[in-house]
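# Structural features, examined
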Amino acid sequence: MKLSGSVILSAAPEKVWAGINDPVLLAKCLPGCERLDPDGPDRFKVAVSFGLAAISGKYAGSLELAERKPPHSMLLKMEGKGIPGFVKGQGRVELHAKGKQTELHYEGEAQVGGMIAAVGQRMIEAASKKIVAQFFEKFSAELSKKA
Amino acid sequence: MATAPAKKYIGMPLKRKEDPRLIQGLAHYADDIALPGMLHAAFVRSPYAHAKVRSIDTSKAKAAPGVVAVLTAADLGTSIGMVPCAAVIPDMKSAARPVLAKDRVRFVGEAVAVVVAEDRYGARDVADLVEVDYEALTPVVDPEKAIAKGAQTLYDQHKDNVAFRWELEGGDVKKAFAQADKIVKQRMINQRLIPMAMEPRGVVAEYKAGEKSLTVWSSTQIPHLLRTQVAAMLGVPEHSVRVITPEVGGGFGSKLNVYPEEALLGYLAMHTGRPVKWIESRRENFQTAIHGRDQIDEVELAFKRDGTLLGMRCRIIADLGAYYQLLTPLIPTLTGLMICGLYKIPAARVEITGVLTNKMSTDAYRGAGRPEATYIIERAMDVAAGELKMDPLELRRKNLPSPKEFPYATPTGLIYDSANYQGAIDLLMKKVDYKKLRAEQAKLRKEGRYLGIGISTYVEICAMGPSSAMPAGGWESATVRIEPTGKVNVLTGASPHGQGQETSFSQLAADMLGLDPEDILITHGDTQVVPYGIGTFGSRGTAVGGTAVYKALVKLREKLSLIAAHLAGAEPGEMIIEGRKIYSKKQPKKSVGFQDCVTAAYVAKSLPAGVEPGLDATVFYEPTNFTFPFGAHLCVVEIDAETGDVRLDKYFAVDDCGNVLNPLLVDGQVHGGIVQSVGQALLEEAVYDDQGQLITGELTDYAIPRAADIPWMTTDRTVTPSPVNPMGVKGVGEAGTIGATPCLANAVADALAPFGVKHVDMPFKREKIWRLMHEGKCAAPAASPSSRSKPKAKSAKRAKRAPAKPKSAKRRRAR
Amino acid sequence: MIPSSFDYHAPKTLEEALRLLERHGDEAKLLAGGHSLLPLMKLRLASPRFVIDIGRLRGMSYVREEDGMIAIGALTTHAEVMASELLAQKCPLLSETAGEIGDVQVRNRGTIGGSLAHADPAADYPAAILALDAEIVAATSGGTRTIAAREFFVDMLTTQLRHGEILTQVRVPIQRGRTGAAYKKLYQPASGFAIVGVAARLSLGANGKVESAAIGVTGLGVKAYRAEAAEKTLVGKKPGEKEIANAAKLAPRGIEPLGDLHASEDYRREMAIVFTRRALEAAAARASGKAK
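Only a predicted model underlies this, so the values are computations on that prediction, with no experimental measurement involved.

Our next topic: the overall build of chain A. A count of helices and strands for chain A gives four helices and seven strands. Traced from its N-terminal end to its C-terminal end, chain A shows the element sequence β-α-α-β-β-β-β-β-β-α-α. What you see for chain A is a C-alpha radius of gyration of 15 Å, in line with the 15 Å of a compact globule of 147 residues. Considered along the principal axes of its C-alpha atoms, chain A spans approximately 45 × 30 × 25 Å. Counting all 147 residues of chain A, 30% fall into the buried class. For chain A, long-range pairs separated by at least 24 residues make up 46% of all intrachain contacts whose partners lie at least 6 apart in sequence.

Here it is in structure tokens:
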């Protein structure tokens, strides 16, 4: 499954960069995030509970911020597993200054396994897009608050 | 001795004796078994196609309430042997399956731990508490990539994923191709299928420590073989193991196997001292019961200008999955043996590469290698007809052996027993106005409607089989016992699970003994009751199992004739057994009632000299050859050009399975087989994505045919008795899936001919067909999860401009 | 079915059901016919702590005429909607759509309220509900409110229903005058859900021109929607072959299609056009009295 897109954030790249690197802010914006604890440099332990109407599942795993080139790009690596299956993916995030704003471009690929792969196929991509959209909506709002 | 029996019931379309109990819910399946103190097992299965197992933490699971045992491979140690594989191919690499994966998992669904709890819900809950730490490895999914240089290997001890290479050649193939005027080539895929028995697998095991006896109830097609193997896997004496098959709700080959769960449940019963039950979920059935087909075939046919076949070459890549189940490596070799179909091909060469991939094992699924062979030759013949500009029927007729040429030897080393292929085609043509159909097709094409007419002819290999050709014996046993009150028990080593032999064997016994089918009880599937048998598969139930019953009945008829002649003062050789009487043909007044004769045998006061008391005969029948049923099918499909939807409109089948015991059962087998072919041709495909996830993992995504998909089927028969067995029967259990699949594929290709399509791979899903009809109007192919399920651009050659343009189709931007 | 453990409640009255729902909040799921929830529970994709079985509530399964509309109780099964004489006469689009849902077993158990509340992106009813401008009645302990169909579907598996609300009734208008409607669907061959399903309703004036058009499309995007561009272009025109074909081309406009192994995004979009055309043609033929 591939996910890509871009969002315009009303903050300078440096601010956006700081935001992405702020675990408290990330935890706040990640839908269903129950825990995001540092686990070594640029690495976090994550627990999330994703839900879509009746469908729900808890996942525990890790988030790693790699290949960091502040304030331009990084590689987000994540891995999680839960009873419905596992998710593993990575995505490149790039920040481009657009006047006072920042265009954040993301492009990533995720693999899913287990029950969600076997039966969730029809909706999994749309659900993922929704989660990403929710994240950026919140993230954008939080950045604006800070600005 | 006795004269030939009258045919009163044999050949009658008697309704099945089995059905009242099945229809009324009175039958007992594995899940109906409830034993005092019974525990329930649930399996922890890998969500990864390929991974190292770093560690398994069972502590939480063990602490959960209601848990009796949680076991991993480490706990088992060497207590249970590997899953057996009966097939041996020279230089075959090892790929034996452990009952629980130890340090590596090789397909999604492979069990890594088993949980035993007081109830089924609890067992399932606790399975989720077992924490397995996996380290993902690169999954090997595509069999062609799997054998490319540098591919990730499934087994560290093997340098590559080639399980074996197998070659077969007969005749001078080089010369045939050198002399050819025309060589026709085609690549085709026979996609992976899920057998989908209505009842999933199920096992119950009970151990009686005092008697040291283990009873295993399993929904299987091979109770005796299972007993031998489970005893060996558990290291217990075979005579202390009893296997019972309860009612079996379909198998289609998926229960012709020895599975880890069957041995494990036995072990768990011994380990816990309590009965244990496991019922497979549908999802487990998808992932862990054997799959069928899965070949990539490249075929070449060499022709003379006039359409005479000179030779054939075929290269087969068979995707075996991750491990060998009972017959895994053997199945593609059956394709090799039958590759020539029913044509006179003087020279043929087959090369098979068996490939290990991170998927469930393939094995025998209804037809087991023969549907693939028939598909290859029958599709290739249609492609050839197109290239030779001949009518497909005409090309076929040109290359058939005549009935006088039988027994007919193929270049692959088989001896076809008997046939009249022309007769089957002639009868089919009486049922169908072929010229009129072609005229209608031409007319409708002008209106933008796309009819396809498909023809297939087939020969298949049945009655498996002579023991020389079978890994574990190819005979069958039967015991017939006439009880003191004249009621008859027939014990068969066959293990019918839907075939209806409780009915047909009753008909046979009734006629042979001058009784009625109600007087006969057929018993099967209990190793403690029935003498050792081989089981039901390979269309052998009637031709081998039935022949054993027949031979046991012949023995009893001889004994009855001796006793009756003695009582009536007649000659034993002239006795007629019918209508509950045994009488002299020459002097009918010399007659004894059947019951009087039976009573005499048991009270044993007036038996002829040298005749033992009792009426009991056991036979182990060894066939001298396979049998080779055949047939000719024709169907008509129509494709909706706007959607790509393929609708099956008409189906005509002429099959020849030799003599018929019960035409209703034969029709049922033919109907069911055709429907299963509709499944393969139009709907079914087990799709693994590039990570080895089975994404058609439930019936919401894996489409099987339903009643509404099937039109009225016109069936008929020719009868060419087999010389192989005394009843002249051949077998019909798999004929439908063998003959019908290429028929449907040929019809679809025929419908698409105006679009320049030469071949399209199954299944004929709408979007794939729609794209072929609208090439260029919709740019990118579907974002298909597996490269195998993409529209086959390579194999489909299309006209530059499709003749019909539905109004709605227009160019779309690639996404 | 071997789901995770849950507490089961079978309230006898709507009030009791609402109280239970309020008490258990989002840990509770409502069970009606069970044909959306139970498959998810069986696969353990859904593991609610509390299941409130409203399938036994009395007086919630009916089809009746009320205030110039047809009111359908939320617990009315698809089979009942399909077989309703009243609907066949006064709102045939709904019964036609019900007849296209799933298979016999699904239709015998599944309910209209359950299907709408679940809001599967490929369910059949939403297309008809939208094309009919139906009203959906939801109850809380504080009273009821009516939600217009066009407001009801929010996103994939998401509706306007709030926690604590129970869908109690669906109201559809009585078909009047020269109106014709039809539901056309391309089945997903395994599940029977719609790859695309299109419900079209056309009303013609005395001059034979389209006075109003309503087109509900399901299966294409994350939620069912009204194909407004296609509707607009038809109004004021005679619904001829060309006009209908042109309108149908607008049906997928603005929608990002879903794709899966049964139908890619592109194919789904094309099928939305084909089936919109087919539904419009059938609706037009019915409106003009040329077909039943």
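The next thing to look at is the interface of chain B and chain A. Interfaces are often sized by the amount of accessible area the parts lose when they come together. Each partner contributes residues to the interface: chain B has twelve residues there, and chain A has ten residues. Residue composition of the side of chain B that touches chain A, grouped by class: four nonpolar, four polar and four charged.

In the predicted model, chain C carries a mean pLDDT of 96, and 100% of its residues have values of at least 70. Confidence estimates for the predicted assembly give a pTM of 0.94 and an ipTM of 0.96.

A few words on the nonpolar core. Core analysis: the biggest nonpolar cluster contains 378 residues, and B:V115, B:A509, B:V549, B:V748, C:A131, C:A200 and C:V217 have the highest contact counts within it. Examining the composition of this core, we find that 13 residues originate from one element, helix 16 (residues 541-568) of chain B, more than from any other. Residues A:L9, A:L95, A:L104 and A:F139 belong to the second largest nonpolar core, which totals ten residues.

Residue and element names in this part refer to chain B. Overall, mixed pairing links the five strands, which are arranged 7-15-14-13-8 in an open sheet. The outermost strands of the open sheet, each flanked by one partner alone, are strand 7 (162-170) and strand 8 (182-193). Strand-to-strand twist across the sheet, computed as the mean angle between neighbouring axes with direction ignored, equals 10°. Both strand 7 and strand 15 (residues 347-356) contribute to a ladder of eight bridges, which runs antiparallel. Paired with F164 across the two strands is G354, which belongs to strand 15. In this fold helix 10 (residues 330-337) packs onto strand 7, strand 13 (292-303), strand 14 (309-321) and strand 15, with an angle of close to 165° to the strand it touches most, strand 15.

For the rest of this paragraph, the subject is helix 19 (residues 735-751) of chain B. Taking 1.5 Å per residue as the helical rise, helix 19 of chain B with its 17 residues ought to reach 24 Å, and the 25 Å between its terminal C-alpha atoms agrees with that figure. Buried residues dominate helix 19 of chain B, accounting for 17 of its 17 residues.

Let us look at unusual backbone geometry. Residues and elements named next belong to chain B. Residue P407 is bonded to the preceding F406 through a cis peptide linkage, with omega at 0°. Mapped onto the elements, P407 comes out in the loop between helix 12 (392-398) and strand 16 (408-409). At the junction of M762 and P763, the peptide bond is cis and its omega measures out at -10° in the coordinates. Relative to the elements of secondary structure, P763 occurs in the loop between helix 19 and helix 20 (766-773).

This paragraph deals with the pairing of strand 12 (residues 194-204) of chain C. Residues and elements named next belong to chain C. Taking burial as the measure, the eleven residues of strand 12 include ten buried ones, the bulk of the element. Relative to strand 12, strand 11 (residues 179-187) is paired through nine bridges, and the arrangement is antiparallel. Of the residues in strand 12, the one forming a bridge with A181 is R201. Between strand 11 and strand 12, which pair antiparallel and follow one another directly, the connecting turn spans six residues, one of which, G192, has a positive phi of 80°. Strand direction decides the pairing type here: strand 12 and strand 13 (residues 210-218), joined by eight bridges, are antiparallel. Looking across to strand 13, one finds that A199 is bridged to G216. Connecting the antiparallel pair strand 12 and strand 13 is a turn made up of five residues, with G208 showing a positive phi of about 85°.

What follows deals with the environment of B:V646. Residues and elements named next belong to chain B. Take V646: it is sitting in strand 27 (residues 646-656). Along the backbone, V646 and V748 are 102 residues apart, and their C-alpha atoms lie at a distance of 7.7 Å. Setting aside anything within four residues of it in sequence, one finds V646 in contact with V637, I639, L682, V748, F764 and I769.

In an α-helix there are 3.6 residues to a turn, and that puts residues three or four apart on one side. Residue and element names in this part refer to chain B. By the criterion of burial, helix 10 is predominantly enclosed, with seven of the eight residues buried. Listed as buried for helix 10 are L330, I331, P332, T333, L334, T335 and G336. Residues of helix 10 that are buried make contact with strand 7, strand 13, strand 14, strand 15 and helix 11 (370-388).

Our next topic: the pairing of strand 23 (residues 581-584) of chain B. Residues and elements named next belong to chain B. Note: strand 22 (residues 575-578) against strand 23, four bridges, orientation antiparallel. Along strand 23, the bridge assignment pairs M575 with S584. Where strand 22 folds back on strand 23, the antiparallel hairpin that results is connected by two residues, among which G579 adopts a positive phi of roughly 55°. Two successive antiparallel strands, strand 23 and strand 24 (residues 591-593), enclose a turn made up of six residues.

The rules we used
Residues numbered from 1 in each chain as written. Chains lettered and ligands numbered in written order. Predicted model: local features only at pLDDT ≥ 70, side-chain atom pairs only at ≥ 80, totals over all residues. Helix = DSSP H or I, 4+ residues; strand = E, 2+ residues; numbered from the N terminus. Rg over C-alpha atoms; globule rule 2.2 N^0.38 Å. Buried ≥ 20, exposed ≤ 12 C-beta atoms within 10 Å, placed from the backbone. Contact = placed C-beta atoms within 7 Å. Nonpolar A, V, L, I, M, F, W, Y, C, P; charged D, E, K, R; others polar. pLDDT = per-residue confidence, 0-100. Core = buried A, V, L, I, M, F, W, Y, C linked by C-beta atoms within 7 Å. Pairing = 2+ DSSP bridges. Axes fitted to C-alpha atoms, helices over the stretch in contact; angles between N-to-C directions. Expected span 1.5 Å × (residues − 1).

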